[in-house]
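Here is how the chains run, residue by residue.
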Amino acid sequence: MDTSPLGVPYYPTNDFGPLMKGLVIGGLGIFHVFLAQFAIGGGVLMTYFEWLSGKGKLPSARRFTSGYFKVLVLVSFVVGALTGVGMWFTSIQTSPRTIGLMVDTFHWVWATEWTFFSLEVIAGYCFYRYGDRLDGRSRLFLLGLYTTAAWFSLFWINGILSWQLTPGAWLESGNLWAGFFNPTFWPSLFFRTFAAMAIAALVAALVISVSPFERDEQKELLHRAAHLLAPMALMPLLGAWYLFAMPKDSRSWVLGGSPAMSMFFGLGAGASLLVGLYALFGLLLRRLYINSATASLLIVLGFVATAGGEFVREGARKPFTVRETLYSNAMTPAEILTLREQGSVTHDPYPLRDAADYPNDQVLLGAKVYRFQCSVCHTVGGVNGLVHLAGTWTEEQTRLNVAKLQHTKPFMPPFAGTPEELEALVRFIEWEAASRPKDFEVTRDPATLAQIKRWLDEAGTAPGYAAASEKKR
């Protein structure tokens, strides 16, 4: 990794493929979060069942717990560990500066989380290896230790993740605890805890339906597992608490400002509602028996709810990865103004793949600007592609909209380059839209560059929502 004189990092990425890099980490992240919450909720469920067994209230609980834990180990421990490593790998490839800031700010918090995670793994594997040989009291202690360690792992990670959206007083003081116990910490923590319990109960329903228990035993196990779904009745209140703890502009994306975020919010809320209603009326009140197909469908709905919630959490931070601190393309607000004077890729040392394919130096410069400023969230012509997004704009509209990018789309960061770089980016998009012809005109009209400079000055370097708030005053 090289840096400009400002310290802005350049990364040797040449990903001009059809899949945007942010989508890779987003998809992997949703899968990993679902597994991690299953591990946490699974501990709660097994501890509850082991307690029932010790009290003599559920004779089949001990047999179920031993079988359920094997599923937890194979799915959550093994696949969860692999996706966890994958998360770190994709994060440092996609947004290394964000990860660096998070580690630099919360390194001791992260170290503390790892101690609890280690305890969780040790307790879990001890139960997996020796659980069948232990008496009820020892089994309950080991499961309680596993559950406590897993939940505290969530506690510490939740503080770091919620800090990205609502850093709170950390922005002024830099105090670690002010950032950790931020405005969305508590609603997020309770929401994730109840979601983890619900996921564990849904997986339990599938395991019960395929286990060799008598029908009456299965119905009783299902009814007891459904107790962990009861807290879902509080989900709407927690969701409202979380929404109103968000900054106003972030909340506006969710409630109609961004169609994609509104859609995913609706999907997540709708899936949660369906699971909650079925749990309340079917499993708790009527004590219905459910087969493996129904249980699998409920798990899919739980995954959809998780995906919707994670998409909203990630998207609501736009245009930042860490609010007011680091833009989604890894530049700080303070760096934007200087990059507009010096150029954003002036000192970029990394060559482009197949550089000889570009028809002239202007288009090649535009490709480097795209790579540095746009490629983390956009492809050229694939998912969220620039060619499609700007396809209905005239050349003049493209220049204007990119120059005033944070006003055109308030969840976008300001353009951070010179007028020459902006014109080069426009020409690169047009060249791609024209199917990459071998000959392509160079445009360096002084009047056009002067107009771009005026637009950039008018747009300023503040995020779009801040400028909109200033106008209202």
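Details of the structure are given in the entry above.
On a predicted model such as this, the values are computed, not experimentally measured, just so you know.

Trainee: Is there a simple way to explain the overall build of the chain in this structure?
Mentor: From N to C terminus, the chain includes 20 helices and four strands. Considering only C-alpha atoms, the chain reaches an extent of 85 × 50 × 40 Å along its principal axes. Counting across all 473 residues of the chain, residues that qualify as buried make up 51%. Here the contacts in the chain between residues at least 6 apart in sequence split such that 76% fall between residues at least 24 apart. Counting only carbon and sulfur atoms, one obtains 65% of the accessible surface of the chain, whose full area is about 21400 Å². Taking the average location of the 39 positive side-chain charges in the chain and that of its 36 negative ones, the two points are 11 Å from each other.

Trainee: Explain the pattern of salt bridges to me, please; I cannot follow it from the model alone.
Mentor: Opposite charge on two side chains allows them to pair when their charged atoms are near. This model, assessed by the stated rule, comprises 21 salt bridges. Residues arginine 323 and glutamate 324 are paired through a salt bridge, measuring 4.0 Å at the closest nitrogen-oxygen approach. Arginine 371 is paired through a salt bridge with aspartate 348; the nearest N and O atoms lie 3.0 Å apart. Of this pair, arginine 371 sits in helix 14 (residues 361–374) while aspartate 348 sits in the loop between helix 13 (333–342) and helix 14, and the two are 23 residues apart along the sequence.

Trainee: Explain helix 11 (residues 259–285) to me, please; I cannot follow it from the model alone.
Mentor: Residues separated by three or four positions in an α-helix point in the same direction, a consequence of the helix having 3.6 residues per turn. Taking 1.5 Å per residue, 27 residues should reach 39 Å; helix 11 reaches 37 Å between its end C-alpha atoms and fits that length. When the local axis directions of helix 11 are compared, the greatest deviation, roughly 30 degrees, occurs at alanine 279. As for helix 11, its buried residues are in contact with helix 7 (185–210), helix 8 (215–225), helix 10 (248–257) and helix 12 (292–315). Immediately downstream of helix 11, the backbone of arginine 287 shows phi near 55 degrees, a positive value.

Trainee: What's the story with the packing of aromatic side chains in this structure? I'm lost.
Mentor: In this description, a pair of aromatic rings is defined by centroid distance and the angle of the planes. Tallied over the full model, the rule gives 36 aromatic pairs. Here the aromatic rings of phenylalanine 155 and phenylalanine 181 are separated by 6.3 Å at their centres, their planes lie at 65 degrees, and the arrangement is edge-to-face. Remark: phenylalanine 181 occurs in the loop between helix 6 (176–180) and helix 7 and phenylalanine 155 occurs in helix 4 (residues 136–165); sequence separation between them is 26 residues. When its relative accessible area of 10% is taken as the criterion, phenylalanine 155 is described as buried. Of the residues examined, phenylalanine 181 reaches a relative accessible area of 39% and is grouped as partly exposed. Between phenylalanine 185 and tryptophan 186, the aromatic rings sit 4.8 Å apart at their centres with planes inclined by 90 degrees, giving edge-to-face as the arrangement. Three or more aromatic residues joined by ring pairs make a cluster, and in this case those are Phe116, Trp151, Phe152, Phe155, Trp156, Trp177, Phe180, Phe181, Phe185, Trp186, Phe190 and Trp241. Over the ring of tyrosine 289 we find arginine 215, and its NZ or CZ is 3.8 Å from the ring centre. One cation-aromatic arrangement involves arginine 436 over tyrosine 358; the distance from NZ or CZ to the ring centre is 5.9 Å.

Trainee: Whenever I open this one, the environment of alanine 279 confuses me. Can you help?
Mentor: In this structure, alanine 279 sits in helix 11. Spatially, the C-alpha atom of alanine 279 lies 9.6 Å from that of alanine 198, the residues being 81 residues apart in sequence.

Trainee: Where do I start with the environment of tryptophan 108 in this structure?
Mentor: Topologically, tryptophan 108 is positioned in helix 3 (residues 96–130). Judged by its relative accessible area of 65%, tryptophan 108 is exposed. The sequence separation of tryptophan 108 and leucine 176 amounts to 68 residues, and the corresponding C-alpha distance is 9.9 Å. Among the polar contacts made by the side chain of tryptophan 108, one reaches the side chain of histidine 107 at a distance of 3.4 Å.

Trainee: Could you clarify how one ought to interpret unusual backbone geometry in this entry?
Mentor: In most cases, non-glycine residues show a negative phi, while peptide bonds are predominantly trans. For the bond from lysine 318 to proline 319, the omega torsion is 5 degrees, close enough to zero to count as cis. Counting through the fold element by element, proline 319 comes out in the loop between helix 12 and strand 3 (320–322). Although it is not a glycine, aspartate 354 sits at a positive phi angle of roughly 55 degrees. If you trace the backbone, aspartate 354 turns up in the loop between helix 13 and helix 14. At serine 435, a position not held by glycine, the phi torsion is positive, near 70 degrees. Following the sequence through the fold, serine 435 ends up in the loop between helix 18 (419–433) and helix 19 (446–459). Relative accessible area serves as the criterion here: at 62%, serine 435 is assigned to the exposed category.

Trainee: For this particular structure, what's the right way to read the nonpolar core?
Mentor: Nonpolar side chains tend toward joint burial in soluble globular proteins. The biggest cluster of nonpolar side chains holds 54 residues, and the ones touching the most others in it are Leu45, Phe49, Phe64, Tyr68 and Leu229. In terms of residue count, the dominant contributor to this core is helix 7 (13 residues). Beyond its immediate stretch of four places on either side in the chain, phenylalanine 49 contacts Leu58, Ala61, Phe64, Thr65, Leu221, Arg224 and Ala225.

Trainee: Help me understand the layout of surface pockets, please; the structure alone is not making it clear to me.
Mentor: Here the idea is plain: a probe the size of a water molecule rolls over the atoms and shows the empty space left. Here the second largest pocket is characterised by a volume of approximately 900 Å³. For the second largest pocket, the lining is made up of 39 residues, of which Phe191, Met235, Gly268, Ala269 and Ser272 are closest to its centre. When contributions to the lining of the second largest pocket are tallied by element, the ones reaching two or more residues are helix 1 (21–54), helix 7, helix 9 (235–245), helix 11 and helix 12. Here the lining of the second largest pocket takes 11 residues from helix 11, the largest share from any one element. Among the residues forming the lining of the second largest pocket, the class breakdown is 26 nonpolar, 10 polar and three charged.

What counts and how
- Residues numbered from 1 in each chain as written.
- Predicted model: local features only at pLDDT ≥ 70, side-chain atom pairs only at ≥ 80, totals over all residues.
- Heavy atoms only, no water.
- Helix = DSSP H or I, 4+ residues; strand = E, 2+ residues; numbered from the N terminus.
- Buried < 20%, exposed > 50% of the residue type's maximum accessible area, 1.4 Å probe, protein only.
- Contact = heavy atoms within 4.5 Å.
- Areas by Shrake-Rupley, 256 points an atom, 1.4 Å probe, with all protein chains shown as cover.
- Lys, Arg positive; Asp, Glu negative; His and termini not counted.
- Charge placed at Lys NZ, Arg CZ, Asp CG, Glu CD.
- Salt bridge = Lys/Arg side-chain N within 4 Å of Asp/Glu carboxyl O.
- Expected span 1.5 Å × (residues − 1).
- Bend = angle between axes of the 7 residues up to and from the residue.
- Phe/Tyr/Trp six-rings, centres within 6.5 Å; stacked < 30°, edge-to-face > 60°.
- Lys NZ or Arg CZ within 6 Å of the ring centre and 35° of its normal.
- Polar contact = N/O pair within 3.5 Å; in protein donor to acceptor, adjacent residues only side chain to side chain.
- Core = buried A, V, L, I, M, F, W, Y, C linked by side-chain atoms within 4.5 Å.
- 1 Å grid on protein atoms, 1.4 Å probe; cavity = no way out; pocket = protein on both sides within 12 Å on 5 of 7 lines; lining within 4 Å.
- Points joined across faces, edges and corners; volume = space filled by probe spheres on them.
- Nonpolar A, V, L, I, M, F, W, Y, C, P; charged D, E, K, R; others polar.

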